Amino acid sequence: MSKLVTIYGGSGFVGRYIARRMAKAGWRVRVAVRRPNEAMHVKTCGVVGQVEPVLCNIRDEDSVRAAMLGADAVINCVGTFDRKGRNNFDAVQHQGPERIARWAAANGVSQLVHISAIGADEESDSQYCQSKALGEAAILGHFPSAVILRPSVVFGTEDGFFNRFAGMTRWGPVLPVVGGDTKFQPVYVDDVAAAAALGAEGQAGAGVYELGGPDVQSFRELMQQMLDVIRRRRLIANIPFWIAGILGGVMELTQTLSLGIVPAQITRDQVKSLRRDNVVAQDALGFEELGIKPVAMAAVLPDYLWRFRPAGQYEAIKESAGKLGG
């Protein structure tokens, strides 16, 4: 019988790519999510019956344990940007991973892979980064042979980074950013999935791997590259950190008063995390040790950002026609 992998949060951005990778490798895939009825899209990642969504809340002991029964490998992709509420940083990114690792060890799971983030640090000013570090420590405390992956900002068709800022260019001539000089090392989502699959299959050594693509650029430079791809001219305005902190506080208050109806576009915690570069450390394990050659942004961004061009899919035809007319 084919081996079974349980992917917690397997219907999300990164999770669905991992599910596809594992299914293609012949594994049976169990996708553990809070709303299985909204995760039916993962069933197409494999053949009929190969990929199945199941009910699981990472905050609940019984559902976490039940979701991994019989699993040979476990992958955790669950994360959050919510500082408050039941699904807050500590509950989802610290206690949740601890719960998964504890049950994985108790159930005799062979391999455990955890998706964390570059910047995970218990001494960080950011609560998000603190919770990521606490989650890593909790996992290694129960499952020392775990593979922990720390990607930089992840890009791909469904990403919430380039898609978000490309959408903002429709609002006006100015594109505001916070931390314009902060450096990032964007990584393609399927490269992260390939690394996770190696860990689940036992082909990656235990340890922490920092994953970044071949390009290291400042936030401002990333936005300019995005603007070049979507054929738009916008003034990239860098908002000082102190002003961004005030705006974050106002937006958080608005979200609270509106009972979450009006989401905060940026939070004070995100402003804190943007003060630090988000790149792979020089002495860190990474793609090279995994035998993976990461894909450059230039090879992928045009494939999904074309819809933000002034004429959408017809922009290239419009440009060609303009040259003929000249």
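Further up the page is the structure itself.
Since the structure is predicted, the reported quantities are computational estimates derived from the model, not experimental observations.

Caption draft 1: Just the side chain of Thr80, in detail. Mapped onto the fold, Thr80 is located in the loop between β4 (73-76) and α3 (89-106). Accessibility expressed as a relative area gives 10% for Thr80, which makes it buried. Of note is the side chain of Thr80, whose polar atom sits 3.0 Å from the backbone nitrogen of Asp82. Ignoring any residue separated from it by four or fewer positions in sequence, one finds Thr80 in contact with Asn87, Asn88, Phe89, Val92, Gln93 and Tyr128.

Caption draft 2: Region of interest: helix α1 (residues 13-24). Its 12 residues place the ends of α1 18 Å apart at the C-alpha level, agreeing with the 16 Å of an ideal helix rising 1.5 Å per residue. Looking at α1, one finds that the buried residues are Phe13, Val14, Gly15, Tyr17, Ile18, Ala19, Met22 and Ala23.

Caption draft 3: Broad picture of the nonpolar core. By size, the foremost hydrophobic cluster in this structure holds 71 residues, and its most contacted members are Ile18, Phe162, Met223, Met226 and Leu305. Apart from the residues lying within four places of it in its own chain, the contact partners of Met226 are Phe162, Phe165, Ala166, Thr169, Leu175 and Leu305.

Caption draft 4: Region of the structure containing the environment of Ala284. Counting through the fold element by element, Ala284 comes out in the loop between α9 (268-273) and α10 (287-290). For Ala284, a relative accessible area of 23% gives the class partly exposed. C-alpha of Ala284 to C-alpha of Val295: the two residues are 11 residues apart in sequence and 19 Å apart in space.

Caption draft 5: Geometry of the packing of α1 against helix α6 (residues 189-200). One way to put it is that α1 packs onto α6 with a least axis distance of 8 Å and a crossing angle of 55 degrees. In terms of axis orientation, α1 runs oblique to α6. The interaxial crossing formed by α1 with α6 has right-handed handedness. Seen from α1, the contacting residues are Phe13, Val14, Tyr17, Ile18, Arg21 and Met22; seen from α6, they are Val189, Asp190, Val192, Ala193, Ala194, Ala196, Ala197 and Ala200. For the contact of α1 with α6, the class distribution of residues is 12 nonpolar, no polar and 2 charged.

Caption draft 6: How the structure looks around α3. In this model α3 runs 25 Å from its N-terminal to its C-terminal C-alpha over 18 residues, within 8% of the 26 Å that 1.5 Å per residue would give. The complete set of buried residues in α3 reads Phe89, Ala91, Val92, Gln93, Gly96, Pro97, Arg99, Ile100, Ala101 and Ala104. Buried residues along α3 sit against β1 (4-8), α2 (61-67), β4, β5 (111-115), α4 (127-142) and α9. At the N-terminal end of α3, a side-chain oxygen is found 3.1 Å from the backbone nitrogen of Asp90, two or three residues along, and the residue is Asn88. Directly after α3, the chain includes Gly108, whose backbone phi takes a positive value near 75 degrees.

Caption draft 7: Fine view of the sheet that holds strand β11 (residues 207-211). Spatially, the 7 strands line up as an open sheet ordered β3-β2-β1-β4-β5-β6-β11, and their pairing is parallel. The open sheet is flanked by β3 (51-55) and β11, the only strands paired with a single partner. Adjacent strand axes in the sheet meet at a mean angle of 20 degrees, parallel and antiparallel pairs treated alike. Sheet analysis places β1 next to strand β2 (residues 28-33), joined by 5 bridges and oriented parallel. Paired with Ile7 across the two strands is Val31, which belongs to β2. Helix-sheet contacts for α6 involve β4, β5, β6 (147-151) and β11, and the interaxial angle to β5 is about 155 degrees.

Caption draft 8: Main features of the state of the cysteines. The final tally for this structure, using the stated rule, is 0 disulfides. For the unlinked cysteine Cys45, the closest cysteine sulfur is that of Cys77, found at 12 Å. Overall, Cys45 belongs to the buried group, its relative accessible area being 11%. Here Cys129 stays unpaired: no disulfide links it, and the sulfur of Cys77, its closest cysteine neighbor, is 19 Å away. By relative accessible area, which is 8% here, Cys129 ends up buried.

Caption draft 9: Representation of a nonpolar patch on the surface within the structure. A contiguous nonpolar patch, built from Trp242, Ile243, Ile246, Leu247 and Val250 and spanning about 490 Å² of accessible area, is present on the exposed surface. Take Val250: it is sitting in helix α8 (residues 241-257). Residue classification places Val250 among the partly exposed residues on the basis of a relative accessible area of 47%.

Caption draft 10: Region of the structure containing the side chain of Ser63. As for its placement among the helices and strands, Ser63 is situated in helix α2. In this structure the side chain of Ser63 is engaged in a polar contact, spanning 3.0 Å, whose partner is the backbone oxygen of Asn57. Apart from the residues within four sequence positions on either side, Ser63 is in contact with Leu55, Cys56 and Asn57.

Caption draft 11: Up close: unusual backbone geometry. Even without a glycine there, the phi angle at Arg231 is positive, about 60 degrees. Structurally, the position occupied by Arg231 is in the loop between α7 (219-230) and β13 (235-239).

Caption draft 12: Representation of the packing of aromatic side chains within the structure. Under the counting rule described, the total for this entry stands at 11 aromatic pairs. A ring pair is formed by Phe89 and Tyr128, whose centres lie 5.7 Å apart and whose planes are at 75 degrees; its orientation type is edge-to-face. With Phe89 in helix α3 and Tyr128 in helix α4, this pair connects stretches of sequence that are 39 residues apart. Here the two residues Phe89 and Tyr128 agree in accessibility, since each one is buried. For the ring pair Phe155 and Phe162, a centre distance of 6.4 Å and an interplane angle of 80 degrees mean the geometry is edge-to-face. We classify Phe155 as buried; its relative accessible area is 1%.

Analysis parameters
- Residues numbered from 1 in each chain as written.
- Predicted model: local features only at pLDDT ≥ 70, side-chain atom pairs only at ≥ 80, totals over all residues.
- Heavy atoms only, no water.
- Helix = DSSP H or I, 4+ residues; strand = E, 2+ residues; numbered from the N terminus.
- Buried < 20%, exposed > 50% of the residue type's maximum accessible area, 1.4 Å probe, protein only.
- Polar contact = N/O pair within 3.5 Å; in protein donor to acceptor, adjacent residues only side chain to side chain.
- Contact = heavy atoms within 4.5 Å.
- Expected span 1.5 Å × (residues − 1).
- Core = buried A, V, L, I, M, F, W, Y, C linked by side-chain atoms within 4.5 Å.
- Axes fitted to C-alpha atoms, helices over the stretch in contact; angles between N-to-C directions.
- Parallel < 35°, antiparallel > 145°, perpendicular 65-115°, else oblique.
- Left-handed = near helix turned anticlockwise from the far one by under 90°.
- Nonpolar A, V, L, I, M, F, W, Y, C, P; charged D, E, K, R; others polar.
- Pairing = 2+ DSSP bridges.
- Disulfide = S-S within 2.5 Å.
- Patch = residues over 30% accessible without salt bridge, like charges linked within 9 Å, V, L, I, M, F, W, Y side chains within 5 Å.
- Areas by Shrake-Rupley, 256 points an atom, 1.4 Å probe, with all protein chains shown as cover.
- Salt bridge = Lys/Arg side-chain N within 4 Å of Asp/Glu carboxyl O.
- Phe/Tyr/Trp six-rings, centres within 6.5 Å; stacked < 30°, edge-to-face > 60°.

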